[in-house]
Amino acid sequence: MAGNFERFDPSRVSSPCYVIDLVKLEDNLKLLQSVGERAGVEILLALKAFSFPGAGDLIGRYLSGTAASGLYEARLGRERFGGAVHTYAPGLSAANIEGILEHSDHVILNSLHQWQRFQGQLQAASGVDFGLRINPGHSEVAQPLYDPCAPWSRLGVPADAITVEDLAPFGGLHVHALCDHDFDAFDRLLSAVEERCAHLFGAVRWINLGGGLLITEGGFPIDTLVERLKAFRARTGLKVYLEPGTAVALHAGALVAEVLDIAENGAAIGILDASATCHMPDVIEAPFTPELIGAQALPRNLAASEADDLTMRLGGPTCLAGDVIGTYRFATRPTIGDRLVFLDLAYYTMVKNTTFNGTPLPSIATWDARTDAVEIVKTFGYEDFEQRLG
């Protein structure tokens, strides 16, 4: 979904560069705020997906706070985004527990053993509400890499292994089992939670239902979601939190890249200054082919013998053989020096980039689609690579 980026001129930024569409981002935030108000639930930004401090003030105006995955995200949420900070980390250590408590309003533990180990410090923390992550044993995610409820998962305690007595130290429960899903998947998950965790509801005040729900995608049944959440609250009496990540920045980010070279090996190959492995690792891990303005994404397993004159495989500048972004058919095949705009590369992209091979990190820019104003808010240089490893 190109959205506003159809009107963006990629020559206005250096390459490579992440570009955040502030108008689309704010539209997403307004919708999420409306869902929260209508359904009577609190909505948090999952920083693990999108932790761009340059949007912290904007996000803080619409959402109730942030969901952090450890000490550094908790501190970032407290210092740059505002609102409440809810922190969950599968691994707590003596080195990070005090900092997490300092920067968090809610701390969700991954096991009862974590409570037992740090009980003295946790009980001494003033103003911190504690929760326990539970695994409802309901899978909706096809890719095991991203399925929190896959067999032998390390995330959360199986719901049927918890008793009301176990929950004495905790104010709430945390459930997360989705990954970029629609309402039907959420509806099935919530039904499973109501069925398998009902014996615990009377022992807590709140439940965090996690993220992974594409609330801001076009055509999402907002009214149905609102009514489902309201009915759940009425039946259980629980305060409800949601913590979307993708939905906050959905269709609000792009990655500008430049064609450095074009080679031929059975078919055309474009070498870009943007890397799949460094700048968009989910392209390889998921895997998926990002949408590209002016081109049609083709199957990743397309053979070179099946390519035509308008087909080009695009890859990055690293030595990794698998540093391939995707294969595309263009209306006009790009040439060296052309700028390309890949879509939806803000969430789970900016937060995961690396400098493998000494590959420079993309700059970061914001773009106001209303005024067409562009601002370069962050650039990176050799020092970011050199100092990373001391």
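Everything below is about the structure shown above.
Numbers given for residues are sequential positions, taken from 1 along each chain in its written order. Only residues with pLDDT of 70 or above have their local features reported here, since the model is predicted, and side-chain atom pairs are shown and tallied only from 80 upward, although totals for entire chains, interfaces and linings are computed over all residues. Only hydrogens and water are removed before side-chain values are computed, so all heavy atoms of the structure are retained for them.

Looking only at helices and strands, one finds 11 helices and 18 strands in the protein. Against the 2.2 N^0.38 benchmark of 21 Å for 390 residues, the protein shows a C-alpha radius of gyration of 22 Å, consistent with a compact globule. By principal-axis analysis of the C-alpha atoms, the protein measures approximately 65 × 45 × 45 Å. Contacts are residue-level and defined by heavy atoms, with any inter-residue pair within 4.5 Å sufficient. Within the protein, residue pairs in contact and separated by at least 24 positions form 70% of the contacts whose partners lie at least 6 positions apart. Charge centroids of the protein, computed over 30 positive and 48 negative side chains, lie 4 Å from each other. Counting from the N terminus, the helices are DSSP H or I runs at least four residues long and the strands are E runs at least two residues long. Taken over C-alpha atoms, the radius of gyration is set against a globule rule of 2.2 Å times the number of residues to the power 0.38. The convention is simple: Lys and Arg are positive, Asp and Glu are negative, and His and the chain ends are not counted. To locate a charge, the coordinates of NZ of Lys, CZ of Arg, CG of Asp or CD of Glu are taken.

So, about the pattern of salt bridges. A side-chain nitrogen of Lys or Arg and a carboxyl oxygen of Asp or Glu constitute a salt bridge if their distance falls within 4 Å. Taken as a whole and assessed by the stated rule, the structure comprises 17 salt bridges. For D372, the salt bridge is made with R12, and the minimal N-O distance between the two is 3.0 Å. Of this pair, D372 sits in the loop between strand 17 (363-368) and strand 18 (373-378) while R12 sits in the segment before strand 1 (17-21), and the two are 360 residues apart along the sequence. Assessed through its relative accessible area of 36%, R12 is described here as partly exposed. Between R75 and E79 there is a salt bridge, with the nearest N and O atoms lying 2.9 Å from each other. Of this pair, R75 and E79 both sit in helix 3 (residues 71-81), four residues apart, which is roughly one turn of that helix. Looking at R75, the relative accessible area reads 45%, which means it is partly exposed. What emerges from the salt-bridge pattern is a single network uniting D187, E194, R228 and R235. Burial status follows relative accessibility: with a 1.4 Å probe on protein chains alone, a residue under 20% of its type maximum counts as buried, one over 50% as exposed, and anything between as partly exposed.

Right, let's get into the side chain of T349. Here T349 shows up in the loop between strand 16 (339-343) and strand 17. If sequence neighbours within four positions are ignored, T349 has contacts with Y18, H279 and M280.

Now for the packing of aromatic side chains. Classification of ring pairs rests on two measures: the distance between centres of Phe, Tyr or Trp rings, Trp counted by its six-membered ring, which must be within 6.5 Å, and the angle between planes, read as stacked under 30 degrees, edge-to-face over 60 and tilted in between. Considering all chains together, one arrives at 13 aromatic pairs under this definition. Here the aromatic rings of F183 and F220 are separated by 6.5 Å at their centres, their planes lie at 85 degrees, and the arrangement is edge-to-face. Placement of F183 in helix 6 (residues 183-201) and of F220 in the loop between strand 9 (206-208) and helix 7 (222-236) is noted, with a sequence separation of 37 residues between them. No difference in accessibility class separates F183 from F220, as the two residues are buried.

A word on empty space enclosed by the protein. Residues are called lining when one of their atoms sits within 4 Å of a cavity or pocket point, these points coming from a 1 Å grid over the protein atoms alone, where a cavity is a set in which a 1.4 Å probe fits but cannot get out and a pocket is an open set with protein on both sides within 12 Å along at least five of seven lines. Grid points are joined across faces, edges and corners, and a volume is the space filled by probe spheres set on the points. Under the criterion given, the structure shown has one cavity of 30 Å³ or more. The calculated volume of the largest cavity comes to roughly 50 Å³. As for the largest cavity, its lining consists of L178, F186, L209, G210, G211, L213, I215, L242, E243 and P244. Residues belonging to the lining of the largest cavity are distributed by class as follows: seven nonpolar, two polar and one charged. Throughout, the ten residues Ala, Val, Leu, Ile, Met, Phe, Trp, Tyr, Cys and Pro are labelled nonpolar, Asp, Glu, Lys and Arg are labelled charged, and all others, Gly among them, are labelled polar.

Let us look at the pairing of strand 3 (residues 65-68). Summarising the sheet, strand 2 (residues 42-46) and strand 3 pair through three bridges and their orientation is parallel. Paired with L44 across the two strands is G65, which belongs to strand 3. Here a crossover is taken to be right-handed if, once the strands point away from the viewer, the path from the first strand over the helix to the second is traced clockwise. Taking the sense of rotation as the criterion, the β-α-β connection linking strand 2, helix 2 (residues 56-62) and strand 3 turns out right-handed. Two strands pair when backbone bridges link them, and strand 3 and strand 4 (residues 84-88) are joined in this way by four bridges, in the parallel orientation. Bridge pairing in strand 4 places T66 opposite V85. When DSSP finds at least two bridges between two strands, those strands are taken to pair.

What follows deals with unusual backbone geometry. Across the junction of S15 and P16, the peptide omega takes the value -5 degrees, indicating a cis bond. Mapped onto the elements of the fold, P16 is located in the segment before strand 1. For the bond from A286 to P287, the omega torsion is -20 degrees, close enough to zero to count as cis. Counting through the fold element by element, P287 comes out in the loop between helix 10 (282-285) and strand 13 (295-298). The residue D180 is not glycine, and still its phi comes out positive at about 60 degrees. Within the secondary structure, D180 sits in the loop between strand 8 (172-174) and helix 6. Residue N357 is not a glycine yet carries a positive backbone phi of 70 degrees. Mapping N357 onto the fold places it in the loop between strand 16 and strand 17.

Note that A297 resides in strand 13. A relative accessible area of 37% places A297 in the partly exposed class. Residues in contact with A297, not counting those within four places in the same chain, are T289, T327 and Y328.

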